[in-house]
Amino acid sequence: MTGSGHISRAQQLVQVAARDIEQDCTDYQCLQGLMQSLYEQLLLRNCEQIELLNQQILVLIDFISTRATRRRKILAAFAIPAAAGNQGIINLLCTLPDSAQLLARWSQLEGFVRETKALNERNGKLLAMHNEIIQQILGGQQAEQVYSPQYY
């Protein structure tokens, strides 16, 4: 392979990473909407909707995970260690002509990730609270059975 062919391949890889970042921004925004809907359905205890939303969330998470894995492979192709993390992606994006716009999108993506994690934690706390209430109710019923008259 010639030097120019290698550069072309390298630029292709960087462009794939840039497209993946763009798609991740879109998917994280969708994921946030789904997580907000999930919270509302959890409050309503609407099991059917919760299951449907969970399936949609899992599909998006799978897509996002696949792209994150691809980014790690692209970083590896440039001999950028995975430990470099965000700085590795930043260095990679700086090689493209529209790097300022791409860096802004990367920064937006980082914000979407933080916001989505916060929504997920909120949903998790609500689930934990529901579970605790159910355990208290069930525990209370079991305690009543222990102290109620037994008819054999």
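Residues numbered from 1 in each chain as written. Predicted model: local features only at pLDDT ≥ 70, side-chain atom pairs only at ≥ 80, totals over all residues. Heavy atoms only, no water.

Caption draft 1: Main features of the environment of Ala76. Of note, Ala76 is situated in helix 2 (residues 47-77). Remark: the alpha-carbon pair of Ala76 and Gly88, spanning 12 residues in sequence, is separated by 9.9 Å. (Helix = DSSP H or I, 4+ residues; strand = E, 2+ residues; numbered from the N terminus.)

Caption draft 2: Spatial organisation of unusual backbone geometry. If you check the backbone angles, Arg45 has positive phi at about 55° while not being a glycine. Within the secondary structure layout, Arg45 lies in the loop between helix 1 (3-44) and helix 2. The exposure class assigned to Arg45 is exposed, which follows from its relative accessible area of 61%. For Ala79, which is not glycine, the phi dihedral falls at a positive 60°. (Buried < 20%, exposed > 50% of the residue type's maximum accessible area, 1.4 Å probe, protein only.)

Caption draft 3: How the structure looks around the packing of helix 2 against helix 3 (residues 85-93). Two numbers describe how helix 2 lies on helix 3: the axes approach to 11 Å, and their chain directions differ by 70°. As far as their axial angle goes, helix 3 and helix 2 are roughly perpendicular. Remark: the crossing between helix 2 and helix 3 carries left-handed chirality. Each of Arg71, Ile74 and Leu75 in helix 2 lies in contact with helix 3, whose residues at this interface are Gly85, Gly88, Ile89 and Leu92. Looking at the contact of helix 2 with helix 3, its residues break down into four nonpolar, two polar and one charged. (Axes fitted to C-alpha atoms, helices over the stretch in contact; angles between N-to-C directions. Parallel < 35°, antiparallel > 145°, perpendicular 65-115°, else oblique. Left-handed = near helix turned anticlockwise from the far one by under 90°. Contact = heavy atoms within 4.5 Å. Nonpolar A, V, L, I, M, F, W, Y, C, P; charged D, E, K, R; others polar.)

Caption draft 4: Local environment of the packing of aromatic side chains. Scanning all chains against the criterion turns up zero aromatic pairs. Cation over ring: Arg122 sits above Tyr39, and NZ or CZ is 3.7 Å from the ring centre. (Phe/Tyr/Trp six-rings, centres within 6.5 Å; stacked < 30°, edge-to-face > 60°. Lys NZ or Arg CZ within 6 Å of the ring centre and 35° of its normal.)

Caption draft 5: Focus on helix 3. Where helix 3 is concerned, the buried positions are Gly88, Ile89, Leu92 and Leu93. For helix 3, the angular spread of the buried residues around the axis is 130°, confining them to a single face. (Arc of directions from axis to C-beta.)

Caption draft 6: Representation of the pattern of salt bridges in the model. Throughout the structure, instances matching the rule amount to five salt bridges. Glu22 is paired through a salt bridge with Arg105; the nearest N and O atoms lie 2.8 Å apart. Linking Glu22 in helix 1 with Arg105 in helix 4 (residues 99-147), this pair joins segments that are 83 residues apart in sequence. The exposure class of Arg105 is buried, given its relative accessible area of 17%. A salt bridge links Asp24 to Arg71, with the nearest nitrogen and oxygen atoms 2.8 Å apart. A residue pair is termed long-range when its members are at least 10 positions apart, and Asp24 in helix 1 and Arg71 in helix 2 qualify at 47 residues. Under the relative-accessibility criterion, Asp24 is labelled buried at 0%. (Salt bridge = Lys/Arg side-chain N within 4 Å of Asp/Glu carboxyl O.)

Caption draft 7: How the structure looks around the nonpolar core. Counting 30 residues, the largest nonpolar core has Leu31, Leu92 and Leu93 as the members making the most contacts within it. Elements with a contribution of two residues or more to this core: helix 1, helix 2, helix 3 and helix 4. Counting residues per element, this core draws most heavily on helix 1, which supplies 12 residues. Setting aside anything within four residues of it in sequence, one finds Leu92 in contact with Val14, Ala17, Ile74, Leu75, Phe78 and Ile80. (Core = buried A, V, L, I, M, F, W, Y, C linked by side-chain atoms within 4.5 Å.)

Geometric values such as these leave the question of function open.
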